[in-house]
Amino acid sequence: MIEQGDIPTAVTDAPAKAEPTPARTFLELLAARDFEGLGATLATNARARFLLPHGLEEYSGRDPIVKRIESWFGSASAFDLTSSSDEVVGLRHRLSWRFSVVRDGSSQVIEQLVYLNLGPKGIEQIDLLCSGFQIEPGVAKGPIQVFEAGSMGCADGLAQEFRRRLTKVPIGGSLEVVVSDPAAKEDLPSLARLLGQRITSTEAHDDGRLTITVERQK
């Protein structure tokens, strides 16, 4: 007969579930677009360096960093994490992720590689390399809008009107500029590239007009 005091304590062989690392928590909050929670993972005086397609951006402080990240993803109508990795490299944490997103009606993919420095009060340093938003392979191109510029030249505000019209084009869509000013053949493509957009064609017409097609990339 077993006495009450002899009943053995139950023992389980199941391992304790590991707590997610601060780096993994950062990724999970980003995938959920929980920007308030994302900010809570950062130290108040965190610093960030973002190497984006157009160049380097640097931020100091939790709020400016989170605000910039939110500007990339907050307005997307669809946002899906398709792949990710989480590794330790010496004293740094290496994260990578790829998201499929829909912005302004355009299906795009973006990949980012990130190194994090962790401190006692949260993430202290973020170094990020970004592919930029890329049109998903096999996805139909976006809509085309036409800007009949006539004889307007840069001295008449062509550059300003081009910028304004381009903001109305969804990512992945195109703006066809029809213009008779010969200088536009050089000026508009240079401006478009400076803005990070892609020239898909330049067509000269018999009547002296040009049609310059610009695909909006960002």
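This write-up is about the structure you can find in this document.

Reading the values: rules and limits
Residues numbered from 1 in each chain as written. Predicted model: local features only at pLDDT ≥ 70, side-chain atom pairs only at ≥ 80, totals over all residues. Heavy atoms only, no water. Helix = DSSP H or I, 4+ residues; strand = E, 2+ residues; numbered from the N terminus. Polar contact = N/O pair within 3.5 Å; in protein donor to acceptor, adjacent residues only side chain to side chain. Contact = heavy atoms within 4.5 Å. Phe/Tyr/Trp six-rings, centres within 6.5 Å; stacked < 30°, edge-to-face > 60°. Buried < 20%, exposed > 50% of the residue type's maximum accessible area, 1.4 Å probe, protein only. Pairing = 2+ DSSP bridges. Axes fitted to C-alpha atoms, helices over the stretch in contact; angles between N-to-C directions. Arc of directions from axis to C-beta. Parallel < 35°, antiparallel > 145°, perpendicular 65-115°, else oblique. Left-handed = near helix turned anticlockwise from the far one by under 90°.

### Observations regarding the side chain of Ser85
Right, so step 1: Position of Ser85 among the secondary structure elements: in strand E3 (residues 78-89).
Right, so step 2: Side-chain polar atoms of Ser85 contact the side chain of Ser96, separated by 2.5 Å.
Right, so step 3: What Ser85 contacts, discounting residues up to four positions off in sequence, is Arg24, Arg94, Leu95 and Ser96.

### Structural notes on the packing of aromatic side chains
Right, so step 1: According to the stated counting rule, one finds eight aromatic pairs in the structure shown.
Right, so step 2: The interplanar angle of 20 degrees and the centroid separation of 4.3 Å between the aromatic rings of Phe79 and Phe99 together place this pair among those described as stacked. One end of the pair, Phe79, is in strand E3; the other, Phe99, is in strand E4 (residues 92-103), with 20 residues separating them in the sequence. Here the two residues Phe79 and Phe99 agree in accessibility, since each one is buried.
Right, so step 3: An aromatic cluster is built from Phe50, Tyr59, Trp72, Phe73, Phe79, Phe99 and Phe133, whose rings are joined through pairwise contacts.

### A closer look at the environment of Arg216
Right, so step 1: Along the chain, Arg216 falls in the segment after strand E11 (210-215).
Right, so step 2: By relative accessible area, Arg216 is classed as buried at 16%.
Right, so step 3: In the structure, Arg216 is positioned 20 residues away from Gly196 in sequence and 8.2 Å away in space, judged by C-alpha atoms.
Right, so step 4: When neighbours within four sequence positions are excluded, Arg216 is seen to be in contact with Leu166, Thr167, Val169, Pro170, Ile171, Gly172, Gly173 and Gln197.
Right, so step 5: Separated by 3.4 Å, the side chain of Arg216 and the backbone oxygen of Thr167 make a polar contact.
Right, so step 6: Of the polar contacts made by the side chain of Arg216, one reaches the backbone oxygen of Val169; its length is 2.6 Å.

### Considerations on the sheet that holds strand E10 (residues 198-204)
Right, so step 1: Spatial strand order, E8-E9-E11-E10: four strands in an open sheet with mixed pairing. The outermost strands of the open sheet, each flanked by one partner alone, are strand E8 (144-150) and E10. Adjacent strand axes in the sheet meet at a mean angle of 15 degrees when their direction is disregarded.
Right, so step 2: Pairing analysis gives six bridges linking E10 to E11, with the strands arranged antiparallel. By the bridge assignment, Ala204 is partnered in E11 with Leu210.
Right, so step 3: Helix H4 (residues 158-167) contacts E8, strand E9 (174-179) and E11 of the sheet and is inclined by roughly 165 degrees relative to E8.

### Comments concerning the pairing of strand E1 (residues 42-52)
Right, so step 1: Inspection of the sheet shows E1 paired to strand E6 (residues 122-130) by six bridges, in the parallel sense. Paired with Leu51 across the two strands is Leu129, which belongs to E6.
Right, so step 2: One ladder, built from six bridges, connects E1 with strand E2 (residues 55-60); its direction is antiparallel. Directly across from Ala48, in E2, lies its bridge partner Tyr59.
Right, so step 3: Linking E1 to E2, which pair antiparallel, is a turn of two residues.

### Description of helix H5 (residues 184-194)
Right, so step 1: Every buried residue of H5 is accounted for by Ala184, Leu188, Pro189, Leu191 and Ala192. Angular distribution of buried residues about the axis of H5 spans 160 degrees; they occupy a single face of the element. The exposed set on the far side of H5, more than 90 degrees from its buried face, consists of Glu186, Arg193 and Leu194.
Right, so step 2: Packed against the buried residues of H5 are H4, E9, E10 and E11.

### Observations regarding the packing of H4 against H5
Right, so step 1: For the pair H4 and H5, the least separation of the axes is 11 Å and the interaxial angle reads 45 degrees. Relative to H5, the element H4 lies oblique. Relative to H5, the crossing made by H4 is right-handed. Listed contacts from H5 to Leu158, Ala159, Phe162 and Arg163 of H4 are Ala184, Leu188, Leu191 and Ala192.

These values are about where atoms sit, not about what they do.
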